[in-house]
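Notes for the structure review
Residues per chain, in single letters:
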Amino acid sequence: MARITAGLSPFTDAAEIAEDHDLTGRTAIVTGGATGIGIETARALAAAGAEVTLAVRNREAGEKAAAQINADIGAERAKVGMLDLSSLASVAAFVSAWGDAPLNMLINNAGVMACPQTYTVDDLEMQIGTNHFGHFLLGVGLARALMNGAEEGRTARLVSLSSIGHRRSGINWDDVHYRTRPYDKWESYGQSKTANSLFAVGFHRRFADLGITANAVMPGGIMTPLQRHLPREEMIAMGWMNEAGVIAQGFKTPAQGASTSVWAAIGDELEGVGGLYLENLSQALPWGEEPNAGVMAHALDPEGAERLWVLSEETTGVKL
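Anyway, here's the lowdown on the structure attached to this text. (Residues numbered from 1 in each chain as written. Predicted model: local features only at pLDDT ≥ 70, side-chain atom pairs only at ≥ 80, totals over all residues. Heavy atoms only, no water.)

1. Some remarks on the sheet that holds strand E7 (residues 277-279)
What the eight strands build is an open sheet, ordered E3-E2-E1-E4-E5-E6-E7-E8; its pairing is mixed. Two strands close off the open sheet at either side, each with one partner strand: strand E3 (78-82) and strand E8 (282-283). Two elements, E7 and E8, share two bridges in a ladder whose sense is antiparallel. Across the sheet, residue Glu 279 finds its bridge partner in E8, namely Ser 282. Against the sheet, helix H3 (residues 59-73) engages strand E2 (51-56) and E3, with an angle of about 165° to E3. (Pairing = 2+ DSSP bridges. Helix = DSSP H or I, 4+ residues; strand = E, 2+ residues; numbered from the N terminus. Contact = heavy atoms within 4.5 Å. Axes fitted to C-alpha atoms, helices over the stretch in contact; angles between N-to-C directions.)

2. Regarding the pairing of strand E6 (residues 212-218)
In terms of burial, E6 is a largely internal element, seven of the seven residues being buried. Neither face of E6 is left uncovered, since the one carrying Ile 212, Ala 214, Ala 216 and Met 218 and the one carrying Thr 213, Asn 215 and Val 217 both have all their residues buried. In the sheet, strand E5 (residues 156-161) pairs with E6 via six bridges, with the strands oriented parallel. When the sheet's bridge partners are listed, Ala 156 is paired in E6 with Ile 212. (Buried < 20%, exposed > 50% of the residue type's maximum accessible area, 1.4 Å probe, protein only.)

3. Some details on the side chain of Ser 261
Mapped onto the elements of the fold, Ser 261 is located in helix H10 (residues 259-266). What Ser 261 contacts, discounting residues up to four positions off in sequence, is Thr 41, Val 159, Leu 161 and Val 217.

Below you can see the structure in the form of structure tokens.
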């Protein structure tokens, strides 16, 4: 199969991706929609006519973001739903509140990166607990709503945000939650981002025939609140900025970083297509074929996706 691409610059704004689409009457949920690329994803979808729910854990920040989006687009299309992905009970409550109402797009955007070793209220390691297990429960819980959002000739879509960080680690099946091995914040982040990609593979396999496609997205390097746990000195040492605080060339703005998520949610080129890892508005090449880009095999491994699905059902207590 030929490589799928939007045929646009990787630095295209999300609004440009959505501007030729009429999303009137369609619904979307964007987790972490109050800041960073989440708010830009929500803004682009709402501007094109979609009714967008910002699923956030901070109501004040969410209400402020929704008001900003509505003012920018001149319409009341953004609203707030309370969701703490580090609490399975909170996820279950959000799913229950949504019910089976038709859902056309679920963008699993929220995440935590390189935090100190901590655990969720369910005693899951924070990064994989929030980034993967919370989103797993959300996606499976809203599967019926997504099926109800599928239409003839147009699938509902799940978008799972991964990262170039997946290259740092596959899934450590013997000790996913760092119960016995030393904690490494970047290895932990990589494991969670691999899980995000494998979730898209597993979800697509189960639901494609029911009208839902799923793809993973690598948004690119963007300075957002995701970096809240990183000291400035560490970002300088990694080359993300210089001593004066100037961001390195190649980083995207939040609006540019949101573009691949929006493309994954509405792009015509991706209709009926799933189980892919997307970056820079294209289907990713295998890691190493382009400088510092692409997807490693472990992040799209079907057997790994199945093993993770079983573990996720056991962890969340939800079984299809």
